[in-house]
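# Structural characterization, general
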Amino acid sequence: SSRTNREEKLPMNLEFTPEEIEFRMEVRAFIEENYPKHLRGVGAREDLSRDDMLAWHQILGKKGWSVPAWPEKYGGTGWTPTQRYIWSEENARMDTIMPLPFGVSMVGPVIYTFGSEEIKATHLPGIRDGSVWWCQGYSEPGAGSDLASLKTTA
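Residues numbered from 1 in each chain as written. Predicted model: local features only at pLDDT ≥ 70, side-chain atom pairs only at ≥ 80, totals over all residues. Heavy atoms only, no water.

Bringing the overall build of the chain into the picture now. Secondary structure summary: the chain contains 6 helices and 0 strands in total. For 154 residues, the compact-globule estimate of 2.2 N^0.38 gives 15 Å, and the C-alpha radius of gyration of the chain, at 20 Å, exceeds that figure by more than 25%. Seen along its three principal axes, the alpha-carbon backbone of the chain occupies a region of about 60 × 50 × 35 Å. Within the span of the chain, comprising 154 residues, buried residues form 32% of the whole. Considering only intrachain contacts with a sequence separation of at least 6, the fraction spanning at least 24 residues in the chain is 63%. Accessible surface computed for the chain: about 10400 Å², of which carbon and sulfur atoms make up 53%. (Helix = DSSP H or I, 4+ residues; strand = E, 2+ residues; numbered from the N terminus. Rg over C-alpha atoms; globule rule 2.2 N^0.38 Å. Buried < 20%, exposed > 50% of the residue type's maximum accessible area, 1.4 Å probe, protein only. Contact = heavy atoms within 4.5 Å. Areas by Shrake-Rupley, 256 points an atom, 1.4 Å probe, with all protein chains shown as cover.)

Where helix α5 (residues 101–114) meets helix α6 (residues 117–129), the closest approach of the two axes is 10 Å, and the angle between their N-to-C directions is 160°. In terms of orientation, α5 and α6 fall into the roughly antiparallel class. The element α5 and its partner α6 pack so that their crossing is left-handed. Only Ile 119, Lys 120, His 123, Leu 124 and Ile 127 of α6 make contact with α5, whose side of the interface consists of Gly 103, Val 104, Val 107, Gly 108, Ile 111 and Tyr 112. In terms of residue class, the contact of α5 with α6 is made up of 7 nonpolar, 3 polar and 1 charged. (Axes fitted to C-alpha atoms, helices over the stretch in contact; angles between N-to-C directions. Parallel < 35°, antiparallel > 145°, perpendicular 65-115°, else oblique. Left-handed = near helix turned anticlockwise from the far one by under 90°. Nonpolar A, V, L, I, M, F, W, Y, C, P; charged D, E, K, R; others polar.)

With that out of the way, let us pick up the packing of aromatic side chains. In total, this model carries 10 aromatic pairs according to the counting rule given. Look at Tyr 74 and Tyr 112: their rings are 5.3 Å apart centre to centre, the planes differ by 10°, and that puts the pair in the stacked class. On the criterion of sequence distance, the pair formed by Tyr 74 in the loop between α3 (50–63) and α4 (81–93) and Tyr 112 in helix α5 is long-range, its members being 38 residues apart. Note on accessibility: Tyr 74 and Tyr 112 belong to one class, buried. Every member of this aromatic cluster is reached through a ring pair, and the members are Phe 23, Phe 30, Tyr 35, Trp 56, Trp 65, Trp 79 and Trp 87. Across from the ring centre of Trp 65, 4.8 Å away, lies the NZ or CZ of Lys 63, which sits over that ring. (Phe/Tyr/Trp six-rings, centres within 6.5 Å; stacked < 30°, edge-to-face > 60°. Lys NZ or Arg CZ within 6 Å of the ring centre and 35° of its normal.)

Turning next to the packing of helix α2 (residues 18–34) against α4. A pair of packed helices can be characterised by two numbers: the angle between their axes and the separation between those axes. Two elements in contact, α2 and α4, have axes whose closest approach is 10 Å; the angle formed by their N-to-C orientations is 35°. Seen along the crossing, α2 lies across α4 with a hand that is right-handed. Within the contact between the two elements, α2 uses Glu 20, Phe 23, Arg 24, Val 27, Arg 28, Ile 31 and Glu 32 and α4 uses Thr 82, Gln 83, Ile 86, Trp 87, Glu 89, Glu 90, Asn 91 and Arg 93. In the contact of α2 with α4, the residues fall into 5 nonpolar, 3 polar and 7 charged.

All right, on to α5 then. Between its first and last C-alpha, α5 extends 18 Å over 14 residues, near the 20 Å set by a 1.5 Å rise per residue. By the burial criterion, the buried members of α5 are Gly 103, Val 104, Gly 108, Pro 109, Ile 111 and Tyr 112. Residues of α5 that are buried in the fold lie against α3 and α6. (Expected span 1.5 Å × (residues − 1).)

All right, on to the environment of Gly 115 then. Topologically, Gly 115 is positioned in the loop between α5 and α6. Put simply, Gly 115 and Glu 8 are 107 residues apart on the chain and 47 Å apart in space, counted from C-alpha to C-alpha. Not counting chain neighbours up to four residues away, the residues in contact with Gly 115 comprise Val 110 and Lys 120.

Rendered as structure tokens:
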């Protein structure tokens, strides 16, 4: 077909660019130099204290790396998807305790997308720097916290 003749079939290049490799080395060095020594090898566990759960988040907040997926105007890093992948991979390699998702991944994006400027100014800085701990809870009549058991009527 004419479409096949026009397309050049090239293999997908899955290699990192030199800049991405350099970024990986920067991330790796930062984690090795800054991840709290007393949390190395611990991983995320339910018995950790609030201070332990927030320690890495607060270090990342000072560096400007606590909310990499957020838009830059709200404190995000401006990283590419590949850089965010490298970031996640390096944190997994070191078994770091990542910022809790409730503020960073759940409520933060809702606030910066739909919140007033006053609400953004009130809540986003604390989510970014780890000084505010968000959580999410549900309790529904007849279902409790089991949202799969929730029943609705119209």
